[in-house]
Amino acid sequence: MNILVINAGSSSLKYQLIDMAKESVIAKGNCERIGIDGKIKHTAFDGRVFEEDASFPTHKEAFEKLVFALTASTAAVIKGMDEINAVGHRVVHGGELFSKTVQITEEVIKQIEDLKEYAPLHNPANALAMRACKEVVPENVPQAAIFDTAFHQTIPEHAYIYGLPYECYEKYGIRKYGFHGTSHKFVSAALAEQTGRKIEDLKIITCHLGNGSSVTAIDGGKSVDSSMGFTPLDGLLMGTRCGNIDPSTVTYIQKKLGLSPAEAEDYMNKKSGLLGIGGFSDNREITEAAAKGDKRAKLATTILRYGIKKYIGSYAAAMGGLTDVIFTGGIGENAFDVREDACKGLEFMGIEFDPQKNAEIRGEFAKITKESSKVNVWVVPTNEELLIARDTKELFA
């Protein structure tokens with residue numbers, strides 16, 4: 001069974017074609033600069049590369065080029081689109097409407113569009129991609145929508161309701177939704193599988209750390225709390241996002257700087273975080289600057305690591321125990337110093353960290369605590385595309 005996985009942004013279209021018999025990637029690529037000009041880079045499983053400048057006025061033209069890359073380019077991997085059995089689309093926000101993977105229909109697409117207020121940069125692009133895909137993929141090929149927020153629909157009411165008048169939730173849907181759900185779900189299930197334990201018996205804290213970061217408490221395989229909230233702005237300090245702050249600072253900054261609501265949102269989402277404090281949004285650059293003595297860069301990295309530690313402690317308390325901590329994502333899988341600093345001082349929780357082992361690990365599944373540790377810490381590479389493919393396969397099996 002071959003499944004095409006689609007991750008559409010407002011100006012990009014990333015994809016992977018996965019052979020589910022072996023769970024191996026047949027080809028992957030990215031159509032960039034949609035609505036501007038266009039470029040595609042497509043890589044086959046055997047290393048062949050097809051790269052070309054193109055014209056992508058809309059997502060439809062990007063999909064047409066995707067089809068060409070898969071079937072007729074110098075790096076083609078299939079003879080026709082009839083060799084694709086299903087398509088799985090990543091959708092950022094499903095609100096309270098979607099708690100699981102669903103088959104895409106026109107009604108589903110409209111519902112995804114209706115949720116655009118919650119994710120204005122993502123949901124409209126997801127809907128556009130679905131319609132464009134329907135025009136170029138054979139009609140008999142089923143398509144599925146997999147939602148980042150769905151995994152977090154098990155968070156209990158007391159953890160997702162904010163301390164605002166209840167009508168804000170009833171009328172406007174203001175509540176914690178959580179994000180990165182496909183990643184948190186994948187790595188927690190992968191840990192249980194690879195260690196031969198039942199996920200129902202585990203209390204796991206997953207730390208997905210990248211340019212956008214979130215921490216999730218997973219009790220018995222279910223998300224019970226997560227650091228991102230109504231939007232992905234909440235929680236940890238991130239590349240350009242401020243993370244959690246006193247809400248009154250928002251109105252105060254608006255008055256001081258004369259910002260509109262949209263400008264204030266941009267200020268917190270794109271000009272804050274590691275960039276705003278330390279001058280760099282990339283963790284590698286800011287870590288390097290800190291090592292050279294840049295005090296603000298050092299402060300920014302310390303805030304991030306301190307924040308991770310606080311979430312580990314608070315979520316262990318919320319679950320009434322802890323069996324495992326997982327680090328994943330670009331930073332989580334590769335920045336050994338972030339992992340070590342985030343776990344320092346947690347010996348009282350039963351974490352006996354192994355700095356030597358930790359320093360050797362980059363992007364591979366590994367335990368980074370000592371054998372005597374009561375609570376184990378792991379590096380687990382995420383694979384959101386594979387989870388999307390698995391959910392799609394399960395829906396249409």
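What you see is a predicted model; the values in this text were computed from it and never measured.

A. Structural context of the overall build of the chain. A tally of regular secondary structure across the chain gives 15 helices and 14 strands. The C-alpha radius of gyration computed for the chain amounts to 21 Å, which stays within 12% of the reference 21 Å derived for 397 residues, consistent with globular compactness. On the principal axes, the C-alpha backbone points of the chain span a range of 60 × 55 × 45 Å. Considering only contacts in the chain between residues 6 or more positions apart, those separated by 24 or more positions represent 60%. For the chain, the exposed area adds up to about 18400 Å²; of that, 51% sits on carbon and sulfur atoms. Averaging the locations of the 46 positively and 53 negatively charged side chains of the chain gives two centres separated by 4 Å.

B. The arrangement of the packing of aromatic side chains in detail. Taken as a whole and assessed by the stated rule, the structure comprises nine aromatic pairs. Linked through ring pairs, Tyr118, Tyr177 and Phe230 together constitute an aromatic cluster. Sitting over the ring of Phe68, Lys65 keeps its end group 5.3 Å from the ring centre. A cation over a ring is seen here: Arg175 above Tyr160, with NZ or CZ 3.6 Å from the ring centre.

C. How the structure looks around the sheet that holds strand β13 (residues 366-367). Spatially, β11-β10-β9-β12-β14-β13 is the arrangement adopted by the six strands of the open sheet, whose pairing is mixed. Edge positions in the open sheet fall to β11 (222-226) and β13, since each of these has one partner strand only. Summarising the sheet, strand β12 (residues 324-328) and strand β14 (residues 376-379) pair through four bridges and their orientation is parallel. Paired with Phe327 across the two strands is Val379, which belongs to β14. Contacts between helix α6 (residues 181-195) and the sheet are confined to β9 (203-208), β10 (214-219), β12 and β14, with β9 contributing the most and set at about 130 degrees to the helix. Relative to the sheet, helix α11 (residues 295-319) contacts β9, β10, β11 and β12, its axis offset from that of β9 by approximately 155 degrees.

D. Representation of helix α10 (residues 283-291) within the structure. Among the residues of α10, those classed as buried are Asn283, Ile286, Ala289 and Ala290. Buried residues of α10 fall within an arc of 130 degrees about the axis and therefore sit on the same side. Residues of α10 that are exposed and point over 90 degrees away from its buried face: Arg284 and Ala291. Against the buried residues of α10 lie α9 (273-278), α11, α12 (329-334) and α13 (336-343). The N-terminus of α10 is capped by Asp282, whose side-chain oxygen sits 2.8 Å from the backbone nitrogen of Arg284.

The rules behind each value
- Sequence order sets the numbering: in each chain, residues are counted from 1 along the sequence as written.
- Per-residue local features are limited, in this predicted model, to residues with pLDDT of at least 70; the limit for side-chain atom pairs, both in listing and counting, is 80 or more; totals at the level of whole chains, interfaces and linings are taken over all residues.
- The basis for every side-chain value is the complete set of heavy atoms in the structure, and neither hydrogens nor water enter the calculation.
- Runs of E in the DSSP output that reach at least two residues are strands. Runs of H or I that reach at least four are helices, and both are numbered from the N terminus.
- C-alpha atoms define the radius of gyration in this analysis, and the globule rule sets the expected value at 2.2 Å times the number of residues to the power 0.38.
- Residue contacts follow a heavy-atom distance rule, with two residues in contact if any of their heavy atoms lie within 4.5 Å.
- In short, Shrake-Rupley with a 1.4 Å probe defines the accessible areas, and a residue's cover is counted only from the protein chains shown.
- Counted as positive: Lys and Arg. Counted as negative: Asp and Glu, with His and the chain ends omitted from the count.
- Every charge is mapped to an atom, namely NZ of Lys, CZ of Arg, CG of Asp or CD of Glu.
- Centres within 6.5 Å make a pair out of two Phe, Tyr or Trp rings, where for Trp the six-membered ring is used; the pair is then stacked when the planes are under 30 degrees apart, edge-to-face when over 60, and tilted otherwise.
- Lysine NZ or arginine CZ positioned within 6 Å of the ring centre and within 35 degrees of the ring normal marks a charge as sitting over the ring.
- Note on pairing: DSSP must find at least two bridges between two strands before they are called paired.
- Angles here are taken between N-to-C directions and fall from 0 to 180 degrees, while the axes themselves are lines fitted to C-alpha atoms, restricted in helices to the stretch in contact.
- Under the scheme applied here, a residue whose accessible area is under 20% of the maximum for its type counts as buried, over 50% as exposed, and between as partly exposed, the area being computed with a 1.4 Å probe on protein chains only.
- In this description, the arc belongs to the directions extending from the helix axis to the C-beta atoms.
- Throughout this description, a polar contact denotes any pair of N or O atoms lying within 3.5 Å of each other; where both atoms belong to protein, one of them has to be capable of donating a hydrogen while the other can accept it, and for residues adjacent in sequence the pair is counted only when both atoms sit in side chains.

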